[in-house]
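Given next are the chains, with one letter for each unit.
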Amino acid sequence: MTPQMSTSCPPPSTSEPSREEQARALCLRLLTARSRTRAELSGQLAKRGYPDDVSNRVLDRLAAVGLVDDTDFAEQWVQSRRANAGKSKRALAAELHTKGVDNDVITTVLAGIDSTAERERAEQLVRTRLRRETLGDDDTRVSRRLVAMLARRGYSQTVACEVVAAELAAERERRRV
C-alpha cells in the first residue's frame, strides 16, 4: 500500500506570501523612501489591516536587524531639521512626539542642544534674513516679520524679540559704515 499524498496544501514554493511576509515587504518599501519610527510603521500596518501580533513580530525583527531604531531616527531628524529648517528644541520635540518617538529618547537626543547653541542658531537665521531686507526709519514691519519667522520655528517670544532687536541694531551699524 502506498501512502496517499495530501492535496489540500500546495507546495511552499507556489503558495501566496503570508500576511507576515506582506507586512515585512510593506515596511521595507516604506523604509526605502526614508527612515521611519516604529510608531509610524505600526500605524501604516494598522491602517492596512494587519493584526497587532503580525505587526509586532515584523517590527521586532526589523528592529533586531537594525532597520528600525527610534533613537537613531531621532538623532538624524534633529540634525537635519536644525541644519536645514533652523528649528528650535521645542519645535523638534513636538515633531518627534508627532512621529511617535518615546519621551525619554526625545529628552536624550535634545540634551545636546543648550540655550547658547539655540540662541546662536536664531541669530544666524535673523542675520541671513536681514541681509535681504530694506531698512528704513521705522523697522517695526521688518521686526515683526523676523519675530514671526522665529516663532514659526519654535523659538520663544523672549528669545525672538531679544535676538531680532540685537541683530537689527547690528545690521544698522554695519550698513552705516
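Throughout this description, residue numbers start from 1 for each chain and increase along the sequence as written. It should be noted that, the model being predicted, local features are given only for residues of pLDDT at least 70 and side-chain atom pairs only at 80 or more, the latter also being counted only at that level, while totals for whole chains, interfaces and linings use all residues. Each side-chain value is derived from all of the structure's non-hydrogen atoms; neither hydrogens nor water enter the calculation.

1. So, the environment of Ala160
The condition is simple: Segments assigned H or I by DSSP are reported as helices when at least four residues long, segments assigned E as strands when at least two residues long, and all are numbered from the N terminus. Note on exposure labels: buried denotes an accessible area under 20% of the residue type's maximum, exposed denotes more than 50%, and partly exposed covers the range between, all computed with a 1.4 Å probe on protein chains only. Throughout, a residue-residue contact means that at least one pair of heavy atoms, one from each residue, lies within 4.5 Å.
As for its position among the elements, Ala160 is in helix H9 (residues 157-176). Relative accessible area serves as the criterion here: at 1%, Ala160 is assigned to the buried category. The residues contacting Ala160, other than those within four sequence positions of it, are Val147 and Leu150.

2. A short note on the packing of helix H7 (residues 115-130) against H9
Inclusion rule: The axes are straight lines fitted to the C-alpha atoms, using for helices just the contacting stretch, and the angles between their N-to-C directions are given from 0 to 180°. Each angle gets one of four labels, with under 35 degrees taken as roughly parallel, over 145 as roughly antiparallel, 65 to 115 as roughly perpendicular, and the rest as oblique. Should the near helix be turned anticlockwise from the far one by less than a right angle, the crossing is termed left-handed; should it be turned clockwise, right-handed. Side-chain classes follow a simple rule in which Ala, Val, Leu, Ile, Met, Phe, Trp, Tyr, Cys and Pro form the nonpolar group, Asp, Glu, Lys and Arg form the charged group, and the remainder, Gly included, forms the polar group.
The contact between H7 and H9 brings their axes to 9 Å, and the two run at 45°. Here H9 runs oblique to H7, going by the angle between their axes. Between H7 and H9 the crossing geometry is right-handed. Across the interface between the two elements, Arg119, Ala122, Glu123, Val126, Arg127 and Leu130 of H7 pack against Val159, Glu162, Val163, Val164, Glu167, Leu168, Glu171 and Arg175 of H9. Taken together, the residues of the contact of H7 with H9 break down into seven nonpolar, no polar and seven charged.

3. Description of the packing of H7 against helix H8 (residues 140-152)
At a minimum axis distance of 11 Å, the contact between H7 and H8 shows a crossing angle of 140°. Classified by the angle their axes make, H7 and H8 are oblique. The chirality of how H7 crosses H8 is right-handed. Side by side, H7 and H8 meet where Ala122, Leu125, Val126, Arg129 and Leu130 of the first sit next to Val142, Leu146, Met149 and Leu150 of the second. Of the residues assigned to the contact of H7 with H8, the class counts are eight nonpolar, no polar and one charged.

4. Here's the deal with the environment of Val142
Along the chain, Val142 turns up in helix H8. Each C-alpha atom of the pair Val142 and Arg129 lies 9.9 Å from the other, and the pair is 13 residues apart in sequence. If we ignore the near neighbours within four places in the chain, the residues touching Val142 are Leu130, Glu133, Thr134, Leu135 and Leu168.

5. Regarding helix H1 (residues 19-33)
Put simply, the rule reads: One less than the number of residues in a helix, times 1.5 Å, gives the span that helix is expected to have. It is the directions from the helix axis to the C-beta atoms whose arc is reported.
Counted at 1.5 Å a residue, the expected span for H1 with its 15 residues is 21 Å, and the 22 Å between its end C-alpha atoms agrees. Every buried residue of H1 is accounted for by Ala23, Leu26, Cys27, Leu30 and Leu31. One side of H1 carries all its buried residues, which in axial view fall inside an arc of 130°. Counted as exposed and oriented over 90 degrees from the buried face of H1: Arg29 and Thr32. Packing partners of the buried residues in H1 comprise helix H2 (38-47) and helix H3 (52-64).

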